[in-house]
Amino acid sequence: MNNQEIEQQLLALDLAQRIRILQLLAQSLTLPSASELSRFPNELLDLSCDEALLQTDRSPHHPLRGIPITIPPDFDEPMPELWDALEQ
């Protein structure tokens, strides 16, 4: 089956089915590969793919995740005093 046939079949699906396929594709990009899972057989042996993903602790690699971002309301307002300071 070539890419054009796959595309036609996907477009023939209803929205809910297409969303489910997108979710599966996204999961396949984020879940550990089979070779990575085989390195930790005792930890992940009885876990489903979703549970294995939840068990992965990413906080040491991404310490800022989970911190809310607050953008002030004047974020994109002009700052003439900055330009004046740069001219000097």
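Check the entry above for the structure.
Rules used throughout
- Residues numbered from 1 in each chain as written.
- Predicted model: local features only at pLDDT ≥ 70, side-chain atom pairs only at ≥ 80, totals over all residues.
- Heavy atoms only, no water.
- Helix = DSSP H or I, 4+ residues; strand = E, 2+ residues; numbered from the N terminus.
- Buried < 20%, exposed > 50% of the residue type's maximum accessible area, 1.4 Å probe, protein only.
- Areas by Shrake-Rupley, 256 points an atom, 1.4 Å probe, with all protein chains shown as cover.
- Patch = residues over 30% accessible without salt bridge, like charges linked within 9 Å, V, L, I, M, F, W, Y side chains within 5 Å.
- Salt bridge = Lys/Arg side-chain N within 4 Å of Asp/Glu carboxyl O.

A.B. asks: Could you give an account of the overall build of the protein chain, with specific residues and numbers?
C.D. replies: Along its length, the protein chain carries six helices and zero strands. Residues counted as buried form 3% of the 88 residues belonging to the protein chain. Carbon and sulfur atoms provide 59% of the accessible area of the protein chain, an area that totals close to 8,400 Å².

A.B. asks: Which residues make up a nonpolar patch on the surface, and what values go with them?
C.D. replies: A cluster of nonpolar side chains, namely M79, L82, W83 and L86, defines an oily patch on the protein surface of about 460 Å² accessible area. Topologically, L86 is positioned in helix α6 (residues 80–87).

Keep in mind these numbers describe shape, not what the thing actually does.
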